[in-house]
Structures are given as structure tokens and as C-alpha cells.
Amino acid sequence: MPEYEFRDVYVPRGVSRSATTRLLTEQAEYGHWELHRLRLYPDGSRRVRLRRRIIRQLRATW
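Residues numbered from 1 in each chain as written. Predicted model: local features only at pLDDT ≥ 70, side-chain atom pairs only at ≥ 80, totals over all residues. Heavy atoms only, no water.

Teacher, can you tell me more about the pattern of salt bridges here?
Tallied over the entire structure, the rule returns 4 salt bridges. With its nearest N and O atoms 2.9 Å apart, the salt bridge here joins D8 to R49. Remark: R49 occurs in strand β3 (residues 46-54) and D8 occurs in strand β1 (residues 3-11); sequence separation between them is 41 residues. Given a relative accessible area of 31%, R49 falls into the partly exposed group. Ionic pairing is found between R51 and E34, a salt bridge with its closest N-O pair at 2.6 Å. In this pair, R51 sits in strand β3 while E34 sits in strand β2 (residues 34-40), placing the two residues 17 residues apart along the sequence. With relative accessibility at 37%, the residue E34 sits in the partly exposed group. (Salt bridge = Lys/Arg side-chain N within 4 Å of Asp/Glu carboxyl O. Helix = DSSP H or I, 4+ residues; strand = E, 2+ residues; numbered from the N terminus. Buried < 20%, exposed > 50% of the residue type's maximum accessible area, 1.4 Å probe, protein only.)

What is the right way to read the side chain of R46 from this model?
Its location among the elements puts R46 in strand β3. One buried charged side chain, R46, makes no salt bridge at all; its nearest oppositely charged neighbour is D43, positioned 8.9 Å away. Here V15 takes part through its backbone oxygen, which lies 3.5 Å from a polar atom of the side chain of R46. With near-sequence residues (within four places) excluded, R46 lies in contact with V9, Y10, V11, V15, S16, R17, T20, R39 and L40. (Lys, Arg positive; Asp, Glu negative; His and termini not counted. Polar contact = N/O pair within 3.5 Å; in protein donor to acceptor, adjacent residues only side chain to side chain. Contact = heavy atoms within 4.5 Å.)

What should I look at first to understand unusual backbone geometry in this one?
Generally, phi is negative for residues other than glycine and the peptide bonds are trans, each holding for most cases. Notably, H32 is not glycine yet its phi reads approximately 60 degrees, a positive angle. With respect to the secondary-structure elements, H32 resides in the loop between α1 (17-31) and β2.

Bear in mind that shape data such as this cannot, by itself, settle questions of function.
This is how it looks when you write it as C-alpha cells:
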């Protein structure tokens, strides 16, 4: 079962949809994050949860 780390991002209501898309695209490209959940509230604000896989290296035994 893969392990993930999560990051919560709050986007206020005044931020446009295109600016939010740009922000999330940068996170995905440079931080290797993927969209896990997005919640849009009635006032227009968004709460986004991003995730990325934790890759653990095994120690080499000699």
C-alpha cells in the first residue's frame, strides 16, 4: 500500500479560476503533487488537498 503526504491549500474567494489552475499546475509540475480533493464553498473560496507519494529507499545490506 503506498504512503502519501498531504498538503492543504486554501484559496480565498477573490482568486480567479484561472489563477487557481495556474497555482495547482505549478505545484504539480515542480513539487510532484497531485490533486486529491477540491471543495468549493458557497462563498467562492476553495479548499484543496494535494498529495504525493512517499518513496522510501531500502538500505542495501552488504
